[in-house]
Amino acid sequence: MEKVTMLIVGAGPAGLATSACLNLLSIPNIVLEREDTYASLWKKRAYDRLKLHLAKQYCQLPQMLFAPDTPTFVPRSSFISYLDNYVSQFNISPRYHRSVESAYFDDKEGGNWCVTVKNLALEAHEVYLAKYLVVATGENSHGSIPDVPGLDSFTGEFIHSNQFVNGKKYKDKDVLVVGSGNSGMEIAYDLSNWGADTSIVTRSPVHVLTKEMVHLGMYLLENSLPCKLVDYISVMLSKLRYGDLSNYGLERPTEGPFHIKARIGRSPTIDVGTIDKIKRGEIKVLPTITSIKANKIMFANGSIDQFDAIIFATGYKSTVRRWLKGGQDLFNENGMPSRDFPNHWQGENGLYCAGFASRGLHGISMDSQNIAKDINLALNQQKN
């Protein structure tokens, strides 16, 4: 059994940022990571052409800017290099192959979080007693594939988007991408470029903007323009650039893009060239899947088509509730914050979360700094 001041679960950007902020304040902390590397989602489960969807000034972690020559929209490889430098600069040393099996608050002897961990490398169990516990496993802990009737009968390949690397192996194949968010649209674009006969399922209305439109919107919001006005400007610019996309099967939501982002954390879709391909007929847009039988897929409009592969770009879900016992004041039954932003990050009995605000890397930066400041204040009060 090991006693620690601070235990951080997860070595993605949220866990790294929290550890860095604590290290700067000389607060001892241990970071546990179930994979064999930090930022495993970025290093091992992201497609080749991925770039950060927001400009770099909105994606920096605390206390370290991107290098001046970094592109405005940072490629995956450059972001991984940035994280490598971040880990080195702030002396972050995660413990790998640690899978948390349970964590509960024990109010005996002053109160600690009792965390049971399986060391996957040694096939042994470890127990930590922590005064403070940070859940930094994030919203993207586990790829989510919807329950589609007959999916288990599908004779082709189906994967979640976190397993997609590039479209090379799908050349000349019929591929269906499910989901019209950023990942789905970009994967469909990549597949088409590699020569796949590509279709995409749109399950709900979507705002389509260019990266420059999003950049402008973020700038205007930062300079105190009302969200309603920023949304109006963004939608008008989108209409000027793309026209009426409902003619191509893409409906626009009634709420504005930045209002939706603030309310539920869903980002607008940033076009990388997919829309022009849809207009040219190189990528087909289809409605929701109703059922699957072998390699035949039925859609909500009554059409039936055959596919060799399905890629589900259908988001992720939190896995916190698999191992965290209690903590309902911080996490709901879905493993997401019980409290609304900006009060989502702090629970009771020294429990915190980082990376659950649905505000990307900017939200992670805010969470990690808030957590470190709060713990530093608590520790100083205990000394006095």
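What comes next concerns the included structure. Small disclaimer: the values here were computed from a predicted structure and weren't measured.

### Concerning the nonpolar core
So, step 1. Grouped together as the largest cluster of nonpolar side chains are 67 residues, with contacts concentrated most on Phe79, Tyr86, Tyr170, Leu191 and Ile375.
So, step 2. If you tally residues by element for this core, the top one is helix H9 (residues 360-383), at seven residues.
So, step 3. If we skip the residues at most four places from it in the chain, Phe79 touches Pro13, Trp42, Leu52, Cys59, Phe66, Val74 and Leu361.

### A few points about the environment of Lys169
So, step 1. In this fold, Lys169 is placed in the loop between strand S7 (157-160) and strand S8 (174-178).
So, step 2. Residue class for Lys169 comes out exposed when judged on its relative accessible area of 53%.
So, step 3. Between the C-alpha atoms of Lys169 and Trp194, which are 25 residues apart in sequence, the distance is 8.4 Å.
So, step 4. Here the side chain of Lys169 touches Glu157 through a polar contact of 3.2 Å, side chain to side chain.

### What about the pairing of strand S13 (residues 289-293)?
So, step 1. Here S13 runs beside strand S14 (residues 296-299); their pairing, made up of four bridges, is antiparallel. Its bridge partner lying in S14, Lys293 is registered against Lys296.
So, step 2. Linking S13 back to S14 in an antiparallel pair, the connection comprises two residues, with Ala294 at a positive phi of about 60°.

### Some thoughts on H9
So, step 1. Across its 24 residues, H9 extends 35 Å between first and last C-alpha, which sits within 8% of the 34 Å expected from 1.5 Å per residue.
So, step 2. Looking at the buried residues of H9, the elements they touch are strand S1 (2-9), helix H1 (13-24), helix H3 (76-89), strand S5 (124-135) and strand S18 (351-353).

### Points about the sheet that holds strand S9 (residues 197-201)
So, step 1. The strand order across the open sheet built from five strands is S7-S16-S8-S9-S12, with neighbouring strands paired in parallel fashion. The strands lining the two open edges of the sheet, one partner per strand, are S7 and strand S12 (283-286). Across the sheet, the mean angle separating the axes of adjacent strands is 20° when strand polarity is ignored.
So, step 2. Contacting S8, S9, S12 and strand S16 (309-312), helix H4 (residues 182-193) crosses the sheet at an angle of about 170° to S9.

About the cut-offs
Within every chain, residues take consecutive numbers counted from 1 along the sequence as written. Thresholds applied to this predicted model are a pLDDT of at least 70 for local features of residues and 80 or more for the giving and counting of side-chain atom pairs; totals over whole chains, interfaces and linings are not thresholded and use all residues. Excluding hydrogens and water, the side-chain figures rest on all heavy atoms present in the structure. For this analysis, a nonpolar core means a set of buried residues of the types Ala, Val, Leu, Ile, Met, Phe, Trp, Tyr and Cys, connected via side-chain atoms within 4.5 Å. Throughout, exposure labels follow a simple rule: accessible area from a 1.4 Å probe, protein chains only, divided by the maximum for the residue type, with under 20% read as buried, over 50% as exposed, and the rest as partly exposed. In this text, helices come from DSSP runs of H or I with a minimum length of four residues, and strands from runs of E with a minimum of two, each type numbered from the N-terminal end. The criterion used for residue contact is that any of the two residues' heavy atoms lie within 4.5 Å. Whenever two N or O atoms come within 3.5 Å, that pair is a polar contact, provided that in protein one can donate a hydrogen and the other can accept it, and provided that, for residues adjacent in sequence, both atoms are side-chain atoms. By definition, two strands form a pair when at least two bridges between them are found by DSSP. Multiply 1.5 Å by the residue count of a helix minus one, and that product is the helix's expected span. Orientation is described by axes fitted as lines to C-alpha atoms, over the contacting stretch for helices, and by angles from 0 to 180 degrees between their N-to-C directions.

Take it as geometry only, folks, not as evidence of what the structure does.
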